[in-house]
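Fold and contact review
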Amino acid sequence: MFRNPNKLREKLKQAKPVIGTVTYTWSPAVIEIAGLAGLDFVRVDCEHSWRTDESAEHLMRAAALAEVVPIMRIDGGNAALAMKAYEIGAGGILVVDVQTPQDVEEIVKQAKFPPRGKRGYSGQNWSGGWGARAGKEWVEWSDRELLVGVMIENAEAVKNVEKIASVGGLDFLHFGPADLSMDIGLGAPDRNHPQVMDATRKTIEAGRMHGKLVIYGVGSDVALMEKFKEMGLTGFELGSDIAVLRSVWSKRKEAIEAMT
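Report on the accompanying structure. (Residues numbered from 1 in each chain as written. Predicted model: local features only at pLDDT ≥ 70, side-chain atom pairs only at ≥ 80, totals over all residues. Heavy atoms only, no water.)

**Examining the pairing of strand β2 (residues 41-45)**
Strand residues, when the strand is regular, have side chains that alternate between the two faces of the sheet. Applied cut-off: When a residue's accessible area, from a 1.4 Å probe over protein chains only, is under 20% of the maximum for its type it is buried; when over 50% it is exposed; and in between it is partly exposed. Only DSSP runs of H or I with at least four residues qualify as helices, and only runs of E with at least two residues qualify as strands; both kinds are numbered from the N terminus onward. If DSSP finds at least two bridges between two strands, the strands pair.
Here β2 lies mainly inside the structure; 5 of its 5 residues are buried. Because side chains alternate across β2, one face comprises the buried residues Phe41, Arg43 and Asp45, and the other comprises Val42 and Val44, equally buried. In this sheet, β2 lies alongside strand β1 (residues 18-23) in parallel orientation, the contact comprising 4 bridges. Note that in β2 the partner of Gly20 across the bridge is Phe41.

Structure, rendered in structure tokens:
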């Protein structure tokens, strides 16, 4: 982040849509390409793509160079993860499996320094310039610019979404139609199911009511993008690096085979 204003916050102030993608390959080159393509954010998935080495640090540095905001999706229930993500350079965190506003309040506390929260202090990290750029200014910048987001992906969270969106210090909601589909017993992802669509609308409305960004994975379907933009969606997550490659390669293969 190099202690710049958060790009997502700046675009929201200008009432512009926020556009990003998600990476599962953990390639710094992919992060740089996303920045060069003009995207605003890249979600680095730490829920379904597992790393326990220095890979995440390389992605954060690539994001800083490419001027794209890296958002790390992390597991809930581990108080240290938010701090660790911020310290290596994440511009935001996205926490999974929340259900209540109390869950969100605890996440915000872990993400913010005292007195608002209880994040532990150390400037001996990349974000703090290894101590050379830490101190009061860094603390204030961290609390002001770094984003806090949660997944809305289960029936309980949908029921509580207005109260969740009202929590101070929360910046965005990311709607998860696949996990919600499973949670309500559909047996497979179905974003067009009436219950899932109703939950989508409720989440978008709650975000608008409380001034929170709402992000939804629209893939590469332009019609879907238009549909959700009409619903008031402000954050568009394009297809993942894996999905885009698979789709393009499959279509090119089919085109060549059709020539013969």
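Still more ground to cover, so stick around.
**Overview of the side chain of Asn154**
Operational definition: A 3.5 Å cut-off defines polar contacts: any pair of N or O atoms within that distance qualifies, except that in protein one atom must be a possible hydrogen donor and the other a possible acceptor, and neighbouring residues in sequence count only when both atoms are side-chain atoms. Every residue pair with non-hydrogen atoms within 4.5 Å of one another is taken to be in contact.
Following the sequence through the fold, Asn154 ends up in the loop between β5 (147-152) and α7 (155-159). The class of Asn154 is buried, set by a relative accessible area of 7%. Among the polar contacts made by the side chain of Asn154, one reaches the main-chain carbonyl oxygen of Val98 at a distance of 3.1 Å. What Asn154 contacts, discounting residues up to four positions off in sequence, is Asp97, Val98, Gln99, Leu180 and Asp183.

**A word on the packing of aromatic side chains**
What counts, and what does not: Whether two aromatic rings pair depends on their centres lying within 6.5 Å, for rings of Phe, Tyr and Trp, where Trp uses its six-membered ring; planes under 30 degrees apart make the pair stacked, over 60 edge-to-face, and the rest tilted.
The final tally for this structure, using the stated rule, is 5 aromatic pairs. Their ring planes at 50° and their centres at 6.1 Å tell us that Phe113 and Tyr121 sit as a pair that is tilted. In this structure Phe113 comes out as buried when scored by relative accessible area, which is 3%. Measuring from centroid to centroid gives 5.7 Å for Tyr121 and Trp138, while their planes differ by 70°, and the two rings are edge-to-face. Taken as a pair, Tyr121 in the loop between α5 (101-111) and α6 (136-145) and Trp138 in helix α6 lie far apart in primary sequence, 17 residues in all. By relative accessible area, which is 48% here, Tyr121 ends up partly exposed.

**A look at the environment of Ser166**
With respect to the helices and strands, the residue Ser166 is situated in the loop between α8 (161-165) and β6 (172-175). Placed 85 residues apart in sequence, Ser166 and Leu81 show a C-alpha to C-alpha distance of 23 Å. Among all residues touching Ser166, those that are not within four sequence positions of it are His210 and Lys212. A polar side-chain atom of Ser166 sits 2.6 Å from the main-chain carbonyl oxygen of Lys163.

**Here we look at the pattern of salt bridges**
Spelled out, the test is: Only one rule defines a salt bridge in this text: a Lys or Arg side-chain nitrogen within 4 Å of an Asp or Glu carboxyl oxygen.
Enumeration over the complete set of coordinates arrives at 14 salt bridges. Between Lys136 and Glu140 there is a salt bridge, with the nearest N and O atoms lying 2.3 Å from each other. Pair noted here: Lys136 and Glu140 are both in helix α6, with a separation of 4 residues, about one helical turn. Since its relative accessible area comes to 63%, Lys136 is described here as exposed. Taken together, the shared-partner salt bridges in this structure form one network comprising Arg43, Asp45, Glu47, Arg73 and Glu237.

**Section: the sheet that holds strand β7 (residues 213-219)**
The criterion, for reference: Helix axes are fitted only over the stretch in contact, all axes being lines through C-alpha atoms; the angle between N-to-C directions runs from 0 to 180 degrees.
Reading around the circumference, β1-β2-β3-β4-β5-β6-β7-β8 is the order of the 8 strands in this closed barrel, with parallel pairing throughout. Averaged over all adjacent pairs, the angle separating strand axes in this sheet is 30°, with direction ignored. The strands touched by helix α11 (residues 222-230) within the sheet are β7 and β8 (235-238), with β7 carrying the most contacts at an inclination of about 160°.

**Quick word on the environment of Gly91**
In this fold, Gly91 is placed in the loop between α4 (79-87) and β4 (92-95). Sequence separation between Gly91 and Leu147 is 56 residues, and the spatial gap between their C-alpha atoms is 6.2 Å.

**So, the nonpolar core**
Worth spelling out the cut-off: We call a set of buried residues a nonpolar core when its members are Ala, Val, Leu, Ile, Met, Phe, Trp, Tyr or Cys and they connect through side-chain atoms within 4.5 Å of each other.
Among the nonpolar cores identified, the biggest contains 58 residues, and Met72, Ile93, Val150, Ile152, Leu173 and Phe228 are the most heavily contacted of them. Top contributing element to this core by residue count: helix α3 (residues 55-66), with 6 residues. If sequence neighbours within four positions are ignored, Ile152 has contacts with Ala157, Val158, Val161, Ile164, Leu173, His174, Phe175, Gly176 and Thr203. Counting residues in hydrophobic clusters, the runner-up holds 12 residues, among them Ile71, Leu94, Met151 and Leu213.

**Observations concerning unusual backbone geometry**
Along the chain, Pro114 connects to Pro115 via a cis peptide bond; the corresponding omega equals 10°. Structurally, Pro115 is set in the loop between α5 and α6. Residue Ala15 is not a glycine yet carries a positive backbone phi of 60°. Take Ala15: it is sitting in the loop between α1 (7-13) and β1. Positive phi is not limited to glycine here, since Glu67 has a value of about 55°. Mapped onto the elements, Glu67 comes out in the loop between α3 and β3 (69-74).

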